[in-house]
Amino acid sequence: KIYVAGLNWKMNNLLLFTHSFPYTKEEKTFLETEIIHLSEKFEKVFIFPRNFNQKIETKLPDNVRVFHHEIYYPFNRIKTLRRNFLLVIKVFMLELILSKDRFKYFKVGFRALNNLLLFINNADRLKTEMEGMEIKGNIICYSYWFAIWGNILPILKYKSANIKKIVTRAHGYD
């Protein structure tokens, strides 16, 4: 059973972030049944697969739509840094304060900054895509894999007032 306290289900939309579902069979075993239950609980379900270059392998309920969001889309890192400078400082300061291995961030600083800018850019683009989809009501984000979506979604929640919850699964792969 799915339960999130204080939420009226039919007033909510679900954004489901997957690796390749509904395009390949690797997640089909698990999500094929789950998507039916999710579609009954939510007004609309939007699936964002990370990989989407094949034919859809799964029959989806009527209130489920699939959207293509290219994660590794070219972007201007300088512009992203300028527009989100305070957020970048906030994230790095939190990491420095909370991390046990503070000096690691000085060693891998540019790589960490590059990854953070990639996540911020994706969050900005997803927010714009969501506005274009005219999703009304509250939004719950559900990442089936903890990997890259687990980094993008908290930033998206920070930037979007409509997102009420983020749920993610962690598998052995993650």
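Up top is the structure these notes are about.
What follows concerns the overall build of the protein chain. The helix and strand tally for the protein chain stands at 6 helices and 5 strands. Moving toward the C terminus, one meets the helices and strands of the protein chain in the order β-α-β-β-α-α-α-α-β-α-β. In terms of C-alpha radius of gyration, the protein chain reaches 17 Å, essentially the compact-globule figure of 16 Å for 174 residues. Taking the principal axes of the C-alpha coordinates as reference, the protein chain spans close to 50 × 35 × 30 Å.

It is worth spelling out helix H3 (residues 85-98) at this point. Relative to the 20 Å expected for 14 residues at 1.5 Å per residue, H3 spans 20 Å between its end C-alpha atoms, a close match to the ideal helical length. Listed in full, the buried residues belonging to H3 are Leu87, Val88 and Phe92. End-on view of H3: buried residues confined to an arc of 130°, all on one side of the axis. Turned more than 90 degrees off the buried face of H3, the exposed positions are Leu86, Ile97 and Leu98. Of the surrounding elements, those touching the buried residues of H3 are helix H2 (77-83), helix H5 (109-133) and helix H6 (149-159).

With that out of the way, let us pick up the pattern of salt bridges. Taken as a whole and judged by the stated rule, the model has 2 salt bridges. When the shortest N-O distance is used, the salt bridge between Glu34 and Arg169 registers 3.1 Å. Of this pair, Glu34 sits in helix H1 (residues 28-41) while Arg169 is found in the segment after strand S5 (163-168), placing the two residues 135 residues apart along the sequence. We note a salt bridge from Lys159 to Asp124, for which the minimum N-O separation is 2.7 Å. One end of the pair, Lys159, is in helix H6; the other, Asp124, is in helix H5, with 35 residues separating them in the sequence.

This part covers the nonpolar core. Ranked by internal contacts, the top residues of the largest apolar core, which has 29 residues, are Leu15, Phe17, Phe48, Met130, Cys141, Trp149 and Leu156. Sorting the residues of this core by element identifies strand S1 (12-18), strand S2 (44-49), H3, H5, strand S4 (138-143) and H6 as the ones contributing at least two each. If you tally residues by element for this core, the top one is H5, at 10 residues. Contact partners of Cys141, with chain neighbours within four places excluded, come to Leu15, Phe17, Leu153, Leu156, Ile163, Lys165, Ile166 and Val167. Counting residues in each nonpolar core, the second largest holds 15 residues, with Val45, Ile140, Tyr142 and Trp145 among its members.

Scoring rules and cut-offs
Residue numbering note: each chain is counted from 1, following its sequence as written. Owing to the predicted nature of the model, reporting of local features is limited to residues with pLDDT of at least 70; listing and counting of side-chain atom pairs is limited to 80 or more, with chain, interface and lining totals taken over all residues. As a rule here, side-chain values cover all heavy atoms of the structure and leave hydrogens and water aside. Here a helix means four or more residues in a row that DSSP labels H or I, a strand means two or more in a row labelled E, and each is numbered from the N terminus. For the radius of gyration, the atom set is restricted to C-alpha positions; the globular benchmark scales as 2.2 Å times the number of residues to the power 0.38. A helix's residues, less one, multiplied by 1.5 Å, set its expected span. The buried label goes to any residue with under 20% of its type's maximum accessible area, the exposed label to any with over 50%, and the partly exposed label to all in between, with areas taken from a 1.4 Å probe on protein chains only. The directions from the helix axis to the C-beta atoms are what the arc is built from. Any pair of residues with heavy atoms lying within 4.5 Å of one another is described as a contacting pair. Throughout this description, the term salt bridge denotes a Lys or Arg side-chain nitrogen within 4 Å of a carboxyl oxygen of Asp or Glu. Nonpolar core, defined: a set of buried Ala, Val, Leu, Ile, Met, Phe, Trp, Tyr and Cys residues in which side-chain atoms within 4.5 Å join the residues together.

By themselves, these figures tell us nothing about what the structure is for.
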